[in-house]
Amino acid sequence: MLLLRCHLKKAPPEKALYRFCAVMGKLQSKLKHSTYKYRPDGIIEDRIQTKAFQEYTPAHVDTVSVVAALNSDLCVSGGKDKTVVAYDWKTGNVVKRFRGHEREITKIACVHKSNQFFSASRDRMVMMWALHGSSQPRQQFSGHAMVVTGLAVSPDSSQLCTGSRDNTLLLWDVGTGQCVERASVSRNLVTHLCWVPREPYILQTSEDKTIRLWDSRGLRVAHIFPTKQHIQTYCEVSEDGHKCISCSSGFGGEGCEATLWDLRQTRNRICEYKGHFQTVASCVFLPRAVALMPVIATSSHDCKVKIWNQDTGACLFTLSLDGSGPLTSLAVGDTISLLCASFSRGIHLLRVDRSQGLELREVAAF
């Protein structure tokens, strides 16, 4: 048996000293973070030190729960400070703050090719906002008995589906704000919702370890995927609507995986991505321009973002955001940029670098 050993020096504790000086709306930082680059054999790791990155004006004053891309320049985020923030991540400036929720923001859903978006909260409310005009909500949706934990907009933007820990899904008419359908499944504590592009179907993950596919026409369960061993925390659908990913909770490497599923006729499990050591909180399909092969990215409570070969399940690169606490949310900014929300250090702007193979590095934080 061939034994391979990898010796990694333990980094000494560092004290982060922030010196804030306004320079064109940006703040400088000298913090550095460790990354791990995987060789093609997928076994041996080399420790790399990233370059210094920029600290932008902070978007929030507390934990960031969720981040979503509004367009190729702006993102929308929410967190424990009860505020929804539109942010220009290319210039490092807050565009607008939206206040109206009474408790932590749990989910954000952006309307495709629009300046409108929705926010869900622990206050059991969902609110609709517009980037331009009044900072007051344009529409409010109230109907859940517990925290709202799922939010998905239909492809034509006419309907909104919400889910909650109260075991229910509600379907809303966006124009009128009226609930048009209601469905309830015992022990179905919703963790995330995602609308399938160009289809009437809604994908849903749950604390009952189940992934369900709902038909919005009558809000009925159309398919139940094989039950996983751990809570399913998140789901994402590919742009072509042919595949989806779900994420698992876990600890110590038990569970902690992402799973690729076929959304077409077979609806079988295609691949698993194992390598995180704590709950995987978010996953995204990366643009095809990123690499020669299809790739996905995951973020976890273990402070790591990983890039995976979608077809083989091989981990191509790992970025460790030390000191950030659990990573809570992941979003695609543009063809080479990712936005990653964290518990302790706001939102991280990550960039794919292909100059020496496929790498991921942090370029800014806000």
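This one's a predicted model, so the numbers in the text were calculated from it and none came from an experiment. (Residues numbered from 1 in each chain as written. Predicted model: local features only at pLDDT ≥ 70, side-chain atom pairs only at ≥ 80, totals over all residues. Heavy atoms only, no water.)

> Quick question: what am I supposed to make of the overall build of the protein here?
If you tally the helices and strands in the protein, you get zero helices and 34 strands. For the protein, the proportion of its 366 residues judged to be buried stands at 55%. Across the protein, every contact between residues at least 6 apart in sequence was considered, and the portion connecting residues at least 24 apart equals 43%. Split by element, the accessible area of the protein, about 17000 Å² in all, is 50% carbon and sulfur. (Helix = DSSP H or I, 4+ residues; strand = E, 2+ residues; numbered from the N terminus. Buried < 20%, exposed > 50% of the residue type's maximum accessible area, 1.4 Å probe, protein only. Contact = heavy atoms within 4.5 Å. Areas by Shrake-Rupley, 256 points an atom, 1.4 Å probe, with all protein chains shown as cover.)

> Would you take a moment to explain the sheet that holds strand β15 (residues 168-173) for this structure?
One key point about sheets: their strands pair by backbone hydrogen bonds, in either a parallel or an antiparallel sense. An order of β13-β14-β15-β16 is seen for the four strands of this open sheet, with the pairing classed as antiparallel. Looking at the sheet topology across the chains shown, the edges are occupied by β13 (148-153) and β16 (178-184). Ignoring which end each strand starts from, the neighbouring axes of this sheet average 20° apart. The pairing of strand β14 (residues 159-164) with β15 spans five bridges and is classified as antiparallel. Following the sheet pairing, C161 is matched in β15 by L171. (Pairing = 2+ DSSP bridges. Axes fitted to C-alpha atoms, helices over the stretch in contact; angles between N-to-C directions.)

> Teacher, can you tell me more about the packing of aromatic side chains here?
Here a ring pair, both rings aromatic, is described through the centre-centre distance and the interplanar angle of the planes. One pass over the full model with this rule turns up eight aromatic pairs. Measuring from centroid to centroid gives 5.3 Å for F98 and F117, while their planes differ by 80°, and the two rings are edge-to-face. Placement of the pair is F98 in strand β8 (residues 93-99) and F117 in strand β10 (residues 116-121), with a sequence separation of 19 residues. Judged by centre distance (6.0 Å) and plane angle (55°), the rings of F118 and F141 are tilted. In this pair, F118 is assigned in strand β10 and F141 in strand β12 (residues 139-142), connecting sequence segments 23 residues apart. Each member of the pair, F118 as well as F141, carries the same accessibility label: buried. Put simply, the rings of Y56, Y87 and F366 pair up and form one aromatic cluster. (Phe/Tyr/Trp six-rings, centres within 6.5 Å; stacked < 30°, edge-to-face > 60°.)

> I'm lost on the pairing of strand β20 (residues 220-224) in this one. Help?
Note that strand β19 (residues 211-215) and β20 share four bridges and pair antiparallel. Note that in β20 the partner of R212 across the bridge is I224. If you look at the hairpin formed by β19 and β20, you'll find four residues sitting between the two strands, and G218 has a positive phi there, around 100°.

> Whenever I open this one, the sheet that holds strand β21 (residues 232-237) confuses me. Can you help?
Ordered by their spatial adjacency, four strands build an open sheet running β21-β22-β25-β26, and the pairing between neighbours is antiparallel. With one partner strand each, in any of the chains shown, β21 and β26 (269-273) form the two edges of the open sheet. Averaged over all adjacent pairs, the angle separating strand axes in this sheet is 20°, with direction ignored. One ladder, built from five bridges, connects β21 with strand β22 (residues 243-248); its direction is antiparallel. By the bridge assignment, Y234 is partnered in β22 with C247.

> I would appreciate a short explanation of the nonpolar core in the present structure.
Generally speaking, soluble globular proteins have nonpolar side chains that are buried together. Counting residues in hydrophobic clusters, the biggest one holds 19 residues, and the most contacted among them are L286, L350 and L360. Elements represented by at least two residues in this core include exactly β28 (295-300), β29 (304-309), β30 (315-320), β31 (327-334), β32 (337-342) and β33 (347-353). Not counting the four nearest positions on each side in its chain, L350 is found in contact with V305, L319, L321, I336, S337, L338, C340, L360, R361 and E362. (Core = buried A, V, L, I, M, F, W, Y, C linked by side-chain atoms within 4.5 Å.)

> Would you mind showing me how to read the pattern of salt bridges here?
With the rule as written, the count across this model stands at 13 salt bridges. Put simply, K274 and E272 hold a salt bridge, and the shortest N to O gap is 3.4 Å. Given the relative accessible area of 22%, E272 is considered partly exposed. Beyond isolated ion pairs, a larger network of salt bridges with shared partners links K228, E257, R269, E272 and K274. (Salt bridge = Lys/Arg side-chain N within 4 Å of Asp/Glu carboxyl O.)

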